[in-house]
Amino acid sequence: MDLRNTWDKWPDANGRFGEFGGRYVAETLMPLILDLEKEYRAAQKDPEFQAQMDDLWKHYVGRPSPLYFAERLTDHFGGAKIYFKRDELNHTGAHKINNCLGQVLLAMRMGKKRIIAETGAGQHGVATATVCARFGLQCVVFMGATDVERQKPNVFRMRLLGAEIVPVESGTGTLKDAMNEALRDWVTNVDDTFYCIGTAAGPHPYPELVRDFQSIIGREAKEQMLEREGRLPDAVMACIGGGSNAIGLFHPFVEDEGVRLIGVEASGHGVETGMHAAALNGGKPGILHGNRTYLLQDDDGQIIDAHSISAGLDYPGIGPEHAFLRDSGRAEYLTCTDDEALEAFQLCTRLEGIIPALEPSHALARIGEVAKEMGPDQIIIMNLCGRGDKDIFSVAGHLGIDM
Amino acid sequence: MPVSRISAAFDKARSDGRSALVSYVMAGDPDLETSYQVLNALVDNGADVIELGAPFTDPMADGPSIQRAGQRSLKAGTTLKDVLALAKRFRETNQTTPLILMGYANPVHLMGYETFAGAASDAGIDGTIIVDLPPEEDMPLREAYAPYELAVIRLATPTTHEARMKTVADGASGFLYYVSVTGVTGAKKPVASDIAPGVQSAQRISGLPVCVGFGIKTGEQAREMAAISDGVVVGSAFVDIISEMEQGKSREEIVESVARLTRELSSGLNRNGGVA
């Protein structure tokens, strides 16, 4: 099959990216996700909706985010030129708000007054709480109890923004458990509630609409690169938990065959230890949270808890489009351990004066090797998808520093 | 003939002038031997259909009672194969009570739909309710079941409007499970008058028996639901009794309590007995 110009047509009418994706939800939710899809199709054709998004992106989020040449890191590694897409400069400090705005505007079109969300690192929770405050909507955020503990600054920010935080004790109290609880809430409050999913996963149409809202990252990066260097980059890189920042960067380049798409999964203590969050590199296809995708699971199909130093990557699955891009060979997926991410976190801080979040620190940790193998006439764009302020307490803890 | 075991059970209840009692327990909670004894106690005391829960780490449609039951079962090491083995053991002495496996898609998907279908049929399972395989996604399962006449039992809910009910009914077999509330298992208390129109629509459109479940815990509630349906599903109430083994109750005490609740529920299901 000639795959040229076919990457863009997914998902199909059934919400599939090849063999992945779909709508694996209990019947109670089926009518809701079918309604959401209908509303999204209407919004896509509505210039008013797009204009409202553009206006908020520009004046509220601060888009376009800069494309920054990381000169000292480039010199340090001595290979390809490294550019950062600065999505950590967005309002609320991460890429998450790109998607929250889109979903909350959809919720308002549907007449929903109560927004629920799951959050891991707290960035999606903060972004959702922010947008809800902006539009005067009720906001309830489900967050694993472990994450509530390790992401205290974000928990406080969400409370300041008027959101109710529900700590989730089940499982290991991380992102997966928060998502289970959000789904349980949604199934209970079907009439007035909109579930704002933070990553490019879940039942169709979520993976598609989250990708579309996040694709502003890649569209801007492409335009900025053409303006700056007069050509496309040779590779684009991003960290992957569920994969929303990565798919947002990748998607506008997916038809450009000369551009390598490189995702970096969190391998925690190492894939071989079983204590990791690398669904593509250490998982098998399965069904969870509404979609068929790669999952960390045992031989009986029970889900294995993920592990990562980064709460935002601590998830046993991955968005279905990444599963598809991996199996079809269009994208490559590397891994990075907790320790490597911590080192990269410090390196970037010292060399560029940018404190990255632990999530993009995973991509930073692999960028040196990729840059070196590519050579100085080539260009990489990495999405610096979040800033590290939220992580300084936990980084200090890992470095044995008493604050 | 598995499907006929299901229809025979509903036919018998109907000819007795009552609604069928469908009881749910989690297999392997807290161990497989207890489950085996509980299954027999259910049947001996008036349960017409058994739903056997297969544990899953991420039971998105279940409330705290069944979540914890699944965790206890998993902690004891129960696998999908163990659940099938339990079914097979039950079938050695019982050839008539329909046995429905209820669970989530991932363990079945990993085993492979075809392998699972063969194993389930061999174990004497009559049908399955896979909560997160809606009509849009269950075609591979239906194809795998075809050679065995295993029933694909689907869920209908208060959000299933008339047009959607046709989709739910198309390809469904055995019976329909009408989820009486929007919510997770065991949480809200259903109101018969609210759901009667939905149940009637499900009966009319599917032509199948319709059972009502989620949140029914007492004989009185069961009687109320029996008046408007072909069967009443009780799950969390049994699971709550079994959970008391954690607090030190003996297996014998648990089995006796299960038997007592089954009798209470069963006596409430006579449709001519009036609505409480």
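Summarised in this report is the structure supplied together with it. Everything quoted here is computed from the prediction, not taken from an experiment.

Cut-offs used in this document
Residues numbered from 1 in each chain as written. Chains lettered and ligands numbered in written order. Predicted model: local features only at pLDDT ≥ 70, side-chain atom pairs only at ≥ 80, totals over all residues. Heavy atoms only, no water. Contact = heavy atoms within 4.5 Å. Buried area = accessible area lost by both parts, 1.4 Å probe. Salt bridge = Lys/Arg side-chain N within 4 Å of Asp/Glu carboxyl O. Polar contact = N/O pair within 3.5 Å; in protein donor to acceptor, adjacent residues only side chain to side chain. Helix = DSSP H or I, 4+ residues; strand = E, 2+ residues; numbered from the N terminus. Nonpolar A, V, L, I, M, F, W, Y, C, P; charged D, E, K, R; others polar. Buried < 20%, exposed > 50% of the residue type's maximum accessible area, 1.4 Å probe, protein only. Axes fitted to C-alpha atoms, helices over the stretch in contact; angles between N-to-C directions. Parallel < 35°, antiparallel > 145°, perpendicular 65-115°, else oblique. Left-handed = near helix turned anticlockwise from the far one by under 90°. Core = buried A, V, L, I, M, F, W, Y, C linked by side-chain atoms within 4.5 Å. 1 Å grid on protein atoms, 1.4 Å probe; cavity = no way out; pocket = protein on both sides within 12 Å on 5 of 7 lines; lining within 4 Å. Points joined across faces, edges and corners; volume = space filled by probe spheres on them. Pairing = 2+ DSSP bridges. Phe/Tyr/Trp six-rings, centres within 6.5 Å; stacked < 30°, edge-to-face > 60°. Lys NZ or Arg CZ within 6 Å of the ring centre and 35° of its normal.

Focus on the interface of chain A and chain B
- Each side of the interface is counted separately: chain A has 38 residues, and chain B has 37 residues.
- Summed over both sides, the interface between chain A and chain B buries roughly 2,800 Å², with carbon and sulfur atoms accounting for 54% of that surface.
- When residues of chain A are sorted by the area they lose upon contact with chain B, Glu27(A), Arg184(A) and Ile287(A) head the list and together hold 24% of the total.
- Run the count over chain A and chain B and you get three salt bridges.
- For Lys176(A), the salt bridge goes to Asp58(B), with nearest N and O atoms at 2.9 Å.
- Where chain A touches chain B, the interface holds 20 residue pairs in polar contact (both at pLDDT 80 or more).
- Going through the elements one at a time, strand 2 (20–24), helix 1 (30–44), helix 8 (175–188), strand 11 (284–288) and strand 12 (290–295) of chain A are the ones with two or more residues in the side of chain A that touches chain B.
- The element contributing the most residues to the side of chain A that touches chain B is helix 8 of chain A, with seven residues.
- Taken together, the residues of the side of chain A that touches chain B break down into 15 nonpolar, 12 polar and 11 charged.

With respect to helix 9 (residues 206–214) of chain A
- Burial analysis of helix 9 of chain A places nine of its nine residues in the buried class, which makes it a mostly covered element.
- Listing the buried residues of helix 9 of chain A in full gives Tyr206(A), Pro207(A), Glu208(A), Leu209(A), Val210(A), Arg211(A), Asp212(A), Phe213(A) and Gln214(A).

What about the packing of helix 2 (residues 47–61) of chain A against helix 4 (residues 96–109) of chain A?
All names here are of chain A.
- Taken N-terminus to C-terminus, the directions of helix 2 and helix 4 make an angle of 140°; their axes are 11 Å apart at the nearest point. Comparing the axis directions of helix 2 and helix 4 gives the class oblique. Between helix 2 and helix 4 the crossing geometry is right-handed. Residues Phe49, Gln52, Met53, Leu56, Trp57, Tyr60 and Val61 of helix 2 form the contact with helix 4, whose participating residues are Ile97, Asn98, Leu101, Gly102, Leu105, Leu106 and Arg109.
- Residues belonging to the contact of helix 2 with helix 4 are distributed by class as follows: 10 nonpolar, three polar and one charged.

Topic: the nonpolar core
- By size, the foremost hydrophobic cluster in this structure holds 125 residues, and its most contacted members are Leu106(A), Trp186(A), Tyr195(A), Leu249(A), Leu325(A), Phe175(B) and Tyr177(B).
- Setting aside anything within four residues of it in sequence, one finds Leu249(A) in contact with Ile217(A), Gly218(A), Ala221(A), Val236(A), Met237(A), Ala238(A), Ile381(A) and Asn383(A).
- Ranked by size, the runner-up nonpolar core spans 68 residues in total, among them Leu42(B), Val152(B), Ile195(B) and Met225(B).

Quick word on the layout of surface pockets
Residue and element names in this part refer to chain B.
- Looking at the largest pocket, its volume works out to about 250 Å³.
- In terms of lining, the largest pocket is formed by 14 residues, of which the most central are Ala9, Lys12, Ala47, Asp48 and Thr97.
- Per element, the largest residue contribution to the lining of the largest pocket is five residues, and it comes from helix 1 (residues 2–15).
- Per-class residue counts for the lining of the largest pocket are six nonpolar, four polar and four charged.

Notes on the pattern of salt bridges
- In this structure the tally under the stated criterion is 49 salt bridges over all chains.
- Taking the shortest distance from any N to any O, the salt bridge between Arg16(A) and Glu137(B) comes out at 2.3 Å. Residue Arg16(A) is located in strand 1 (residues 16–17), and its partner Glu137(B) is located in the loop between strand 4 (127–130) and helix 7 (139–145); the two belong to separate chains.
- Classification of Arg16(A) as buried rests on a relative accessible area of 15%.
- The shortest N-O distance in the salt bridge between Arg5(B) and Asp126(B) comes to 2.8 Å. Here Asp126(B) lies in the loop between helix 6 (113–122) and strand 4 and Arg5(B) lies in helix 1, a separation of 121 residues in the sequence.
- The class of Arg5(B) is buried, set by a relative accessible area of 15%.
- Judged by relative accessible area, which is 0%, Asp126(B) ranks as buried.
- Through salt bridges with shared partners, one network takes in Arg23(A), Glu37(A), Arg41(A) and Glu208(A).

Thoughts on the sheet that holds strand 11 of chain A
Residues and elements named next belong to chain A.
- The strand order across the open sheet formed by four strands is 1-2-12-11, and the pairing between neighbours is antiparallel. Because the sheet does not close on itself, it has two edges, and the strands there are strand 1 and strand 11.
- Pairing of strand 2 with strand 12 involves two bridges; the strand directions are antiparallel. Bridge pairing in strand 12 places glycine 21 opposite arginine 292.

Considerations on the side chain of His276(A)
All names here are of chain A.
- Following the sequence through the fold, histidine 276 ends up in the loop between strand 10 (260–268) and helix 12 (279–282).
- Judged by relative accessible area, which is 5%, histidine 276 ranks as buried.
- Setting aside chain neighbours within four positions, we find histidine 276 in contact with Ala266, Ser267, Gly268, Gly270, Val271, Gly282, Leu296, Asp305, Ala306 and His307.

Here's the deal with the sheet that holds strand 7 (residues 164–168) of chain A
Residues and elements named next belong to chain A.
- Overall, parallel pairing links the four strands, which are arranged 7-6-5-8 in an open sheet. Of all the strands in the sheet, just strand 7 and strand 8 (193–195) have a single pairing partner and so form its edges. The sheet shows a mean angle of 25° between the axes of neighbouring strands, direction not considered.
- Direction of pairing for strand 5 (residues 114–119) relative to strand 8: parallel, over a ladder of three bridges. Looking at the pairing, arginine 114 lines up with threonine 193 of strand 8.
- Along the sheet, helix 5 (residues 123–135) makes contact with strand 5 and strand 6 (138–144), crossing strand 5 at roughly 165°.

Things to note about the environment of Phe84(A)
Residue and element names in this part refer to chain A.
- By secondary structure assignment, the location of phenylalanine 84 is in strand 4 (residues 81–85).
- Put simply, phenylalanine 84 and valine 236 are 152 residues apart on the chain and 9.8 Å apart in space, counted from C-alpha to C-alpha.
- Residues contacting phenylalanine 84, with those up to four places away along its chain left out, are Pro66, Leu67, Tyr68, Ala70, Leu73, Cys348, Glu352, Ile354, Leu364, Met382 and Leu384.

Re the pairing of strand 2 of chain A
- Counting buried residues in strand 2 of chain A gives five out of five residues, a clear majority hidden from the surface.
- Joining the antiparallel neighbours strand 1 of chain A and strand 2 of chain A is a turn of two residues, in which Gly18(A) adopts a positive phi near 60°.

Focus on empty space enclosed by the protein
- Under the defined criterion, the tally for this structure stands at seven cavities of 30 Å³ or more.
- Contributing to the lining of the largest cavity are 29 residues, with His95(A), Lys96(A), Gly312(A), Leu313(A) and Glu359(A) lying nearest its centre.
- Residue assignment for the lining of the largest cavity shows that the elements contributing at least two residues are strand 5, helix 5, helix 8, helix 11 (244–250) and helix 15 (358–374) of chain A.
- In terms of residue class, the lining of the largest cavity is made up of 10 nonpolar, 15 polar and four charged.
- Lining the second largest cavity are 26 residues, with Tyr24(B), Asp62(B), Ile66(B), Met102(B) and Thr185(B) sitting closest to its centre.
- When residues of the lining of the second largest cavity are traced back to their parent elements, those giving at least two are strand 1 (20–26), helix 3 (64–75), strand 3 (99–103) and strand 9 (231–234) of chain B.
- Per-class residue counts for the lining of the second largest cavity are 16 nonpolar, seven polar and three charged.

A closer look at the packing of aromatic side chains
- Counted according to the given criterion, the structure contains 13 aromatic pairs over all chains.
- With a centroid separation of 6.3 Å and 75° between ring planes, the pair formed by Trp186(A) and Tyr206(A) is classed as edge-to-face. Of this pair, Trp186(A) sits in helix 8 while Tyr206(A) is found in helix 9, placing the two residues 20 residues apart along the sequence.
- The class of Trp186(A) is buried, set by a relative accessible area of 3%.
- Here the aromatic rings of Tyr177(B) and Phe214(B) are separated by 5.9 Å at their centres, their planes lie at 85°, and the arrangement is edge-to-face. Taken together, the positions of Tyr177(B) in strand 7 (residues 176–179) and Phe214(B) in the loop between strand 8 (210–213) and helix 10 (219–226) put the pair 37 residues apart, joining distant regions of the chain. Taken as a pair, Tyr177(B) and Phe214(B) share a single burial class, namely buried.
- Lying across the ring of Trp10(A), Lys9(A) places its NZ or CZ 4.4 Å from the centre.

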